[in-house]
Amino acid sequence: MTISIDNGNNIEIVSPAGNLEKLKIAVRFGADAVYFGGKRFNLRNNTGNLSLQEIEEALTFCKTHRARTIFLLNSFLHEGEIREAEGYIEEIKDFKFDAFVVSDPGMFVLLKEKGIDSNIHLSTQFSILNHLSIKFWNSLGINRIILARETTLDEIKSIREHTDAEIEIFVHGALCISYSGRCLLSRYLSGRDANQGNCSHPCRWNYALVEEKRNGNHMDIIEYASGTEILSSKDLCLIERLSDYISAGVNAFKIEGRMKSLYYTANTTRIYSHAVRVLTEGCINGNHMPFWLSELDLVSHRPYTDNLFNEFDDLEFSKVPYIRKALFLGYYLRQGKDKTEAFVKTFNPIYQGEEIEAIFPIQGDTVQDDKFHIREIIEDEESVEMAQPGRECLIKFDKGINNDAVFRRRR
């Protein structure tokens, strides 16, 4: 549900959809809008993305569930790619997306030349930090500006005072060591251009110090035996400052993570959707914040920060290991013969006799999460001790289970 706030703007939760499966989960778990790419010209070539047939299905699904569709054409164009980009736009121009995201003004020109009249959003990669830049792009027909991640809260407040243009910020997910994500490191170290969707994430690699004349004599820089992620950033999490950004006049909050799991998409979407609803309805969030923080801690992440570029506290360095407190097991596909049986798509092993958790979309202010005991697992019409990853199986639970369940096991 999109919620009105005092300044008349609507707040959206914009969720990642790395493939059609994740798109549907995002919508079911509360996304007001989903952003996704096709097979070309977006900045995540290594995620599933959507074929033309899947795009058509996604648009139908989103229209039925009243979610907006935001299509990504946000890679940077080299001169030799212009004709190919024109051809791809020709293929997708009849799809009725609610908006496109572009990083390259050349892509913006091509969309206009092809007669596309959907809204255009300017990517965070354009590094917009001030209201004069917004005024310039607004005058050319850009409807929404996705601000640079480096924009401070005070700057957002000032921007809102000077413009009524739509502004969007990233609220959760991975950060980049490069300004607004425009990194050359991947291309230099692996030959994969991050600005064309092929980032190899070298900032997450382990590094060690080597003395010039003692090749192979590695010295740990901090404290890892295997090396140190000296370039790796923490993950962004603005849940505790969300009310400040709402008050500042942000129109849309984007969750990063098209390459992350379906469980990540479901849980982050439902938490931020619930938080926005609670905060904009004027409720006191004291009773909700522990739940929000706990659930966000149960998705795979690096240590969280809301401190971009030393905005709030003194700059400090600390290690950034992944935190994995829960394992994504699978999700509900359809009911079996009754409510205690469900066909489940598995992503990790599930064992007969164990107890697992299920999370659900948050309805109003009701959290339906629960624990379920596995009575029996059926694969290929035979009872088995373990449901194998990457399969569809029938699971018999100890009690009835609702649709839209996403299953996890706490570590």
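Small disclaimer: the values here were computed from a predicted structure and weren't measured.

The rules behind each value
Residues numbered from 1 in each chain as written. Predicted model: local features only at pLDDT ≥ 70, side-chain atom pairs only at ≥ 80, totals over all residues. Heavy atoms only, no water. Core = buried A, V, L, I, M, F, W, Y, C linked by side-chain atoms within 4.5 Å. Buried < 20%, exposed > 50% of the residue type's maximum accessible area, 1.4 Å probe, protein only. Contact = heavy atoms within 4.5 Å. pLDDT = per-residue confidence, 0-100. Helix = DSSP H or I, 4+ residues; strand = E, 2+ residues; numbered from the N terminus. Right-handed = clockwise from strand over helix to strand, strands pointing away. Pairing = 2+ DSSP bridges. Expected span 1.5 Å × (residues − 1). Phe/Tyr/Trp six-rings, centres within 6.5 Å; stacked < 30°, edge-to-face > 60°. Lys NZ or Arg CZ within 6 Å of the ring centre and 35° of its normal. Axes fitted to C-alpha atoms, helices over the stretch in contact; angles between N-to-C directions. Parallel < 35°, antiparallel > 145°, perpendicular 65-115°, else oblique. Left-handed = near helix turned anticlockwise from the far one by under 90°. Nonpolar A, V, L, I, M, F, W, Y, C, P; charged D, E, K, R; others polar. Salt bridge = Lys/Arg side-chain N within 4 Å of Asp/Glu carboxyl O. Polar contact = N/O pair within 3.5 Å; in protein donor to acceptor, adjacent residues only side chain to side chain.

*Asks:* How do you make sense of the nonpolar core when you look at a structure like this?
*Replies:* Nonpolar side chains in soluble globular proteins tend to end up buried together. One finds Leu23, Leu73, Ile239, Leu242, Phe253 and Val406 to be the most contacted residues of the largest nonpolar core, which totals 94 residues. If near-sequence neighbours (up to four positions away) are discounted, Phe253 is found in contact with Ile11, Glu12, Ile13, Val14, Ile169, Val171, Leu242, Tyr245, Ile246 and Val276.

*Asks:* Before we go on, may I ask you to explain the confidence of the model for the protein chain in this structure?
*Replies:* Interpretation of the predicted coordinates at a detailed level should be avoided for regions scoring low in pLDDT. Across the protein chain, the average pLDDT comes to 87, with 81% of residues at or above 70. Note that residues 1–9 has pLDDT below 50 and, in this model, 19 contacts with residues that lie over four places away or in other chains. Segment residues 223–227: pLDDT under 50, and eleven contacts once partners within four positions in sequence are set aside and those in other chains are kept.

*Asks:* I keep staring at the pairing of strand β8 (residues 166–174) and nothing clicks. Help me out?
*Replies:* Judged by how many residues are buried, β8 sits mostly within the fold: eight of nine residues are covered. Traced from strand β7 (residues 144–146) through helix α6 (residues 153–162) to β8, the parallel crossover comes out right-handed. In terms of strand pairing, β8 meets strand β12 (residues 252–255) through four bridges, oriented parallel. Each residue of the ladder has a partner; that of Phe170, found in β12, is Lys254. Relative to strand β11 (residues 235–237), β8 runs antiparallel, the two being bridged by three bridges. Across the sheet, His172 pairs through a bridge with Cys237, a residue of β11.

*Asks:* Sorry, what's going on with the environment of Leu236 here?
*Replies:* In this structure, Leu236 sits in strand β11. For the pair Leu236 and Ala174, spaced 62 residues apart in the sequence, the C-alpha separation amounts to 6.1 Å.

*Asks:* Looking at this structure, I do not really get helix α9 (residues 262–280). What am I missing?
*Replies:* Side chains that are three or four residues apart share a direction in an α-helix, a result of its 3.6 residues per turn. Its 19 residues place the ends of α9 27 Å apart at the C-alpha level, agreeing with the 27 Å of an ideal helix rising 1.5 Å per residue. The buried fraction of α9 is high, at 19 of 19 residues.

*Asks:* How do you make sense of the packing of aromatic side chains when you look at a structure like this?
*Replies:* The relative placement of two aromatic rings is captured by the distance of their centres and the angle of their planes. For the structure on display, the rule yields 14 aromatic pairs. Between the aromatic rings of Phe71 and Phe97, the centroid separation amounts to 4.4 Å while the plane-to-plane angle is 15°, which identifies the pairing as stacked. Taken together, the positions of Phe71 in strand β4 (residues 68–73) and Phe97 in the loop between α3 (82–92) and β5 (99–102) put the pair 26 residues apart, joining distant regions of the chain. The exposure class assigned to Phe71 is buried, which follows from its relative accessible area of 0%. Through pairs of rings, three or more aromatic residues link up here, namely Phe36, Phe71, Phe95, Phe97 and Phe100. The positively charged end of Arg40 is found above the aromatic ring belonging to Phe41, 4.6 Å away from the centroid. Lys399 extends its terminal NZ or CZ atom over the ring of Phe372, reaching a point 5.3 Å from the ring centre.

*Asks:* Looking at this structure, how should I read the packing of α3 against helix α4 (residues 105–113)?
*Replies:* Angle between the axes and distance between the axes are the two parameters that describe a pair of packed helices. Running from amino to carboxyl end, α3 crosses α4 at an angle of 45°, the nearest separation of the two axes being 10 Å. Comparing their axes, α4 and α3 come out oblique. Note on packing geometry: the crossing formed by α3 with α4 is right-handed. Seen from α3, the contacting residues are Ile82, Ala85, Glu86 and Ile89; seen from α4, they are Met107, Leu110, Leu111 and Glu113. Here the residues of the contact of α3 with α4 sort into six nonpolar, no polar and two charged.

*Asks:* I tried to follow the environment of Ala342 on my own but got confused; where do I start?
*Replies:* Position of Ala342 among the secondary structure elements: in strand β15 (residues 341–346). For Ala342, a relative accessible area of 0% translates into the label buried. For the pair Ala342 and Lys396, spaced 54 residues apart in the sequence, the C-alpha separation amounts to 6.7 Å.

*Asks:* Just to check I follow, could you spell out the pattern of salt bridges for this structure?
*Replies:* Where charged atoms from two side chains of opposite charge approach closely, those side chains can pair. Taken as a whole and assessed by the stated rule, the structure comprises 27 salt bridges. Between Glu57 and Lys24 there is a salt bridge; the shortest N-O distance is 2.6 Å. In this pair, Glu57 sits in helix α2 (residues 52–64) while Lys24 sits in helix α1 (residues 20–28), placing the two residues 33 residues apart along the sequence. According to the relative accessible area criterion, Glu57 is partly exposed, its value standing at 37%. Note that Glu295 is salt-bridged to Arg270, the shortest N-O span being 3.0 Å. Taken together, the residues Glu295 in helix α10 (residues 289–296) and Arg270 in helix α9 connect sequence positions 25 residues apart. Overall, the relative accessible area of 4% leaves Glu295 in the buried class.

*Asks:* So what exactly am I meant to see when it comes to the environment of Asn49 here?
*Replies:* Here Asn49 is to be found in the loop between β3 (33–37) and α2. In this structure the side chain of Asn49 is engaged in a polar contact, spanning 3.2 Å, whose partner is the side chain of Arg258.

*Asks:* How should the pairing of strand β21 (residues 392–397) be read in this particular structure?
*Replies:* Two faces, one strand: in a regular strand the side chains alternate between the faces of the sheet. The element β21 is largely enclosed, with a buried count of five among its six residues. Judged from the five bridges that link them, β15 and β21 form a sheet pairing that is antiparallel. Bridge assignment links Glu341 to a residue of β21, and that residue is Lys396. When strand β18 (residues 370–379) meets β21, the two strands line up antiparallel, connected through four bridges.

*Asks:* Explain α1 to me, please; I cannot follow it from the model alone.
*Replies:* Across the nine residues that make up α1, a large majority, eight, are buried. All of the buried residues along α1 are Leu20, Glu21, Lys22, Leu23, Lys24, Ile25, Ala26 and Val27. Measuring from the side-chain oxygen of the N-cap residue of α1 to the backbone nitrogen of Glu21 gives 3.2 Å; that N-cap residue is Asn19. At the C-terminal side of α1, Gly30 shows a positive phi close to 115°.

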